[in-house]
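# Remarks on the overall topology
Chain by chain, the residues run as shown.
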Amino acid sequence: MDRSSNVTVHESAFPAVTRKRIADALRRGELDPAVLYGTLGQTLRWIALHHGCSPAKTDPAIAALYDDAFRCAGELCQGNVVHVVSLACGDGSKDRRCLELLRTANRAVLYTPVDVSLQMVLAAEDAATSGVTGLQCTPLLCDLPHCTVLPALLKAFDPSGAERILLFLGTIHNYWPPDILRALVYPLRSQDHLILSANLAPEGSYDDSLAKILPQYDNALTRDWLMGALAELTLTPADGTLAFSIQPSESLPSLKPLPV
């Protein structure tokens, strides 16, 4: 059966804007997320990594935590129409579970997958619509920290009286937290609910915990994904060594992300 998708594209995801953002990040010694996720190859590599290493896929107890969060958010909704908005949606596999649980609870649901990668947005739409029959889907392509009109865009997608459940799952590490949190709160209304996941280390054993976590990043699937992104920039293994380390943040030394 032939299928089509109508994707709304904000100017923050236009090619010229994306190229400039990538170049600016490289000058700072960073990789913009568009490089990590933008192409079909990178999307497939990330999906393989996600399914092979994510606790949400490999640990039933973690998957159950997500289900509990989705049910709780659904119970907090007062009306019958729920608009699920997934910010940095990835492949949409967690979103699909949220939508399925809401539909099981006899809620009318619609879905907006949002990502900087067109391939990810389409993958999320496909996952959701294949699991929830008759689902209305309004995909949005944008760069979250630079999409200043996100509330207006979402409002245009909302049916009258719809409540929103905003999802931001497993991706906060791609952004500087204070910046992305502002972008998340910006479209959040008083009647909406936000589900956010973050990987945290215990304060009392922070450094020791990070030292135990670090080796988990150094695996074949992660290396394949990262080297694929570097290949997009015409870099090869002959140009340097891919190494994993812990470094304190310059602006917040107590925070020690796990950079590559």
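Residues numbered from 1 in each chain as written. Predicted model: local features only at pLDDT ≥ 70, side-chain atom pairs only at ≥ 80, totals over all residues. Heavy atoms only, no water.

## Details of the packing of aromatic side chains
Scanning all chains against the criterion turns up 4 aromatic pairs. Between Y37 and W46, the ring centres sit 6.2 Å apart and the planes meet at 65°, which makes this aromatic pair edge-to-face. On the basis of relative accessible area, W46 is assigned to the buried category, the value being 15%. On the basis of an interplanar angle of 40° and a centroid distance of 6.3 Å, the ring pair of F168 and Y175 is categorised as tilted. With relative accessibility at 15%, the residue Y175 sits in the buried group. (Phe/Tyr/Trp six-rings, centres within 6.5 Å; stacked < 30°, edge-to-face > 60°. Buried < 20%, exposed > 50% of the residue type's maximum accessible area, 1.4 Å probe, protein only.)

## What about helix α3 (residues 40-53)?
Side chains three or four residues apart in an α-helix point the same way, a direct result of the helix having 3.6 residues per turn. The terminal C-alpha atoms of α3 lie 20 Å apart, and with 14 residues this matches the ideal 20 Å at 1.5 Å per residue to within 8%. Burial in α3 covers these residues: Q42, T43, W46, L49 and H50. Each buried residue of α3 sits inside an arc of 125° when the element is viewed along its axis, so together they form one side. Looking at the packing, one finds that the buried side of α3 touches α2 (33-37), α4 (55-58), α6 (93-104), α7 (118-131) and α11 (220-232). (Helix = DSSP H or I, 4+ residues; strand = E, 2+ residues; numbered from the N terminus. Expected span 1.5 Å × (residues − 1). Arc of directions from axis to C-beta. Contact = heavy atoms within 4.5 Å.)

## Thoughts on a nonpolar patch on the surface
A cluster of nonpolar side chains, contributed by L181, L188, L194 and L196, occupies part of the molecular surface with about 270 Å² of accessible area. Its place among the elements puts L196 in strand β7 (residues 193-196). According to the relative accessible area criterion, L196 is partly exposed, its value standing at 34%. (Patch = residues over 30% accessible without salt bridge, like charges linked within 9 Å, V, L, I, M, F, W, Y side chains within 5 Å. Areas by Shrake-Rupley, 256 points an atom, 1.4 Å probe, with all protein chains shown as cover. Salt bridge = Lys/Arg side-chain N within 4 Å of Asp/Glu carboxyl O.)

## Points about the side chain of Q42
Here Q42 shows up in helix α3. Q42 sits in the buried class, given a relative accessible area of 0%. At 3.0 Å, the side chain of Q42 forms a polar contact with the backbone oxygen of L36. Dropping the residues within four chain positions of it, Q42 is found in contact with V35, L36, Y37, W225, G228 and A229. (Polar contact = N/O pair within 3.5 Å; in protein donor to acceptor, adjacent residues only side chain to side chain.)

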